[in-house]
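Chain by chain, the residues:
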Amino acid sequence: MSVVSLVVKDENPVSEDTVHNLALEINDGMVFSNPQDVKDYTILLAAFHESAQTVLELDDYVPGALKPDFTRFPRETVSFPRTGTSENALGGWACKVIIQDKQQDSARKGLLYGKSIVMKDCIAVAGVPCTLGSDAIDPPWVPSIDAVIVKRVLEAGATIVGKATTESMCQSASSFTSCTGPVDNPYAPGRTTGGSSSGCAALVASNGADMAIGTDQGGSVRMPCSFCGLVGLKPTFGLIPYTGIASNEWQHDYTGPLCKTVYDTALLLQVLAGTDGIDDRAGPDCPHPRDVPPYSENLELPGIQLLKGKKIGILKEAFEMPALDSRVAEKVKAAAALFEDLGAVVEEISIPLHSIAPTLWMVANRCVGGRTRLGQQAGHYQYYMNDLHNMLFPLKQQSWEKFIPATKNSQLNAMYAWKTSPGLYGKTMNKIMELKYSYDQALELVDCLILPTVSFVANTHPAPGSTALQQIMKSVGQGINCCPFNATGHPALSIPIGTLPPPESELITPGDINLKLPVGMQMVGKWWGEQGLLQLAAAWEKAYDWTTH
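Moving on, we get to the overall build of the protein chain. Across its full length, the protein chain holds 15 helices and 12 strands. For the protein chain, the C-alpha radius of gyration of 24 Å lies close to 24 Å, the compact-globule estimate for 549 residues. Burial status across the protein chain gives 55% buried among its 549 residues. Here the analysis covers contacts within the protein chain between residues at least 6 apart in sequence; of these, 78% occur between residues at least 24 apart. When the accessible surface of the protein chain is totalled, it reaches about 23,700 Å², and 56% of it is carbon and sulfur. Averaging the coordinates of the 42 positive side-chain charges in the protein chain and doing the same for the 56 negative ones gives two points 4 Å apart.

Before going further, it helps to examine the sheet that holds strand β12 (residues 517–524). Spatially, 12 strands are ordered β1-β2-β4-β3-β5-β7-β6-β11-β12-β10-β8-β9 in an open sheet, and the strand pairing comes out mixed. Lying at the two open borders of the sheet, with one neighbouring strand each, are β1 (76–79) and β9 (345–349). In this sheet, adjacent strand axes meet at a mean angle of 25° when their direction is disregarded. In terms of strand pairing, strand β5 (residues 211–215) meets strand β7 (residues 255–259) through five bridges, oriented antiparallel. Note that in β7 the partner of G214 across the bridge is G256. Lying over the sheet, helix α6 (residues 262–272) contacts β3 (116–120), β5, β6 (231–234), β7 and β11 (492–500), oriented at roughly 60° with respect to β5.

The buried count for α6 comes to 10 of 11 residues, which makes it a mostly enclosed element. Where α6 is concerned, the buried positions are V262, D264, T265, A266, L267, L268, L269, Q270, V271 and L272.

By the criterion of burial, β3 is predominantly enclosed, with five of the five residues buried. In this sheet, strand β4 (residues 159–164) lies alongside β3 in parallel orientation, the contact comprising five bridges. Note on β4: the bridge partner recorded for S116 is T159. Handedness of the β-α-β unit built from β3, helix α3 (residues 148–155) and β4 comes out right-handed. Strand direction decides the pairing type here: β3 and β5, joined by three bridges, are parallel. When the sheet's bridge partners are listed, I117 is paired in β5 with M211.

Moving on, we get to the environment of E300. With respect to the helices and strands, the residue E300 is situated in the loop between α6 and β8 (311–315). On the basis of relative accessibility, which here comes to 56%, the residue E300 falls in the exposed class. Placed 235 residues apart in sequence, E300 and Q535 show a C-alpha to C-alpha distance of 6.6 Å.

Within the structure shown, the criterion is met by 10 aromatic pairs. A ring pair is formed by W418 and Y425, whose centres lie 5.8 Å apart and whose planes are at 40°; its orientation type is tilted. Of the residues examined, W418 reaches a relative accessible area of 24% and is grouped as partly exposed. Judged by centre distance (5.9 Å) and plane angle (75°), the rings of W527 and W528 are edge-to-face. Look at W528 and you get partly exposed, because its relative accessible area is 28%. Taken together, F237, W250 and Y254 form an aromatic cluster joined through their ring pairs. For K234, the ring lying beneath its charged end belongs to Y254, and the centroid distance is 3.8 Å.

Rules used throughout
Residues numbered from 1 in each chain as written. Predicted model: local features only at pLDDT ≥ 70, side-chain atom pairs only at ≥ 80, totals over all residues. Heavy atoms only, no water. Helix = DSSP H or I, 4+ residues; strand = E, 2+ residues; numbered from the N terminus. Rg over C-alpha atoms; globule rule 2.2 N^0.38 Å. Buried < 20%, exposed > 50% of the residue type's maximum accessible area, 1.4 Å probe, protein only. Contact = heavy atoms within 4.5 Å. Areas by Shrake-Rupley, 256 points an atom, 1.4 Å probe, with all protein chains shown as cover. Lys, Arg positive; Asp, Glu negative; His and termini not counted. Charge placed at Lys NZ, Arg CZ, Asp CG, Glu CD. Pairing = 2+ DSSP bridges. Axes fitted to C-alpha atoms, helices over the stretch in contact; angles between N-to-C directions. Right-handed = clockwise from strand over helix to strand, strands pointing away. Phe/Tyr/Trp six-rings, centres within 6.5 Å; stacked < 30°, edge-to-face > 60°. Lys NZ or Arg CZ within 6 Å of the ring centre and 35° of its normal.

Structure, rendered in structure tokens:
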């Protein structure tokens, strides 16, 4: 590989010790047997330092599509309601703000005209503080850009009414880790909403907003929707641009809607979907925004037996997962069987590799996410939010101490994996490719796969003073049927299909036996098959009232 220049300034800090020390950091420690090599590589490294400094001194580039229009979309009445107060009883608000299109009126209605939306507090909204649910970044980051999806919903006529609480660094499946405090389930305060899009679910379910946009790296849209009786979609990989959203792991990053109905989910997807020309998660088959299907207009299927000719596959291995509450399994199977009354054929289908799928996702997520958490995210053609990056990295002890157990555990996993098993990531990715093909083959036989969204109903927050292990145990096994599709990219939709009381082990008071906690059913389709999933979900939703099942 060529060298650009060998010009070195007098104040250049690189020395022979620098070269020796860097070599010692390679695996178990490398040394140079030839002293002249050290001298030569010192010159070369010093030259690289000069090249790096040249780049660092340049003005950063911000694509025009990300620059905010404060005249058309001013940020008004920003406030920060405290968790536990009447204004923020469930803890769902990270902040309140009013942003709407000053050029739009009732004579020119966009698709989202009249809809109120909250954005998860990891999505860049220019001028509005963004905590990422953690005080490891203190003071909070204030973005200078609007995420692509922010501009899209505003141009479609929606009013952004605030930022929704996210779990710490978007890395908890529970809802007690945010720096602003726990987020309570609207159906049972003191219990989880699920995470990490915890505030999104709490606010929509409690009528704080009509819609929410969350992110999903392992189920973080679908799990809160399951716990809170909402509809949530993780789209096909790359369908909705992730530009301007804090990333955990590039290949597992998704953003998607949380809504009360399938129709609203389809409507919001219609606005959000389509490549932005910046995010390289969008593959060659991702549509341009002008070519996005009119999802909300195509929900109704003709005929008396709406689903005649459709096949619904009950994924056998999904109902045999450890940690799965047998009551949840039976509830989801019963809901799936109701598709038969709508004209569909419902049959069991086996994908043996699904049993190991959560482990494959976890290893891939740890290995690459660990690099992100060291400030080493690289290798992708996209917009990098360097202002956020530079506030956190290089990582300091005071920030490490503010990370939650899930973040620290993930980082230790990553360091251990790369040090002890450098071939682990490559093997994992090959098996994920095989897993994707296995789902693809099954989806040639059926129109969708059915799985429980989460393994149990909403459990309680941990007791104050709980240890790291006790905190992590609250969500062990929770998302084992969600995370595989973050790895393979298939669209996955969760809809509410019934309620259950807590299990006996989770009864805190005698009255808890009367709680009706939502249960979600997950529907998985082919890549770019969102329309078909939404049609099936709409047919079920129209025919049955989940609150009575």
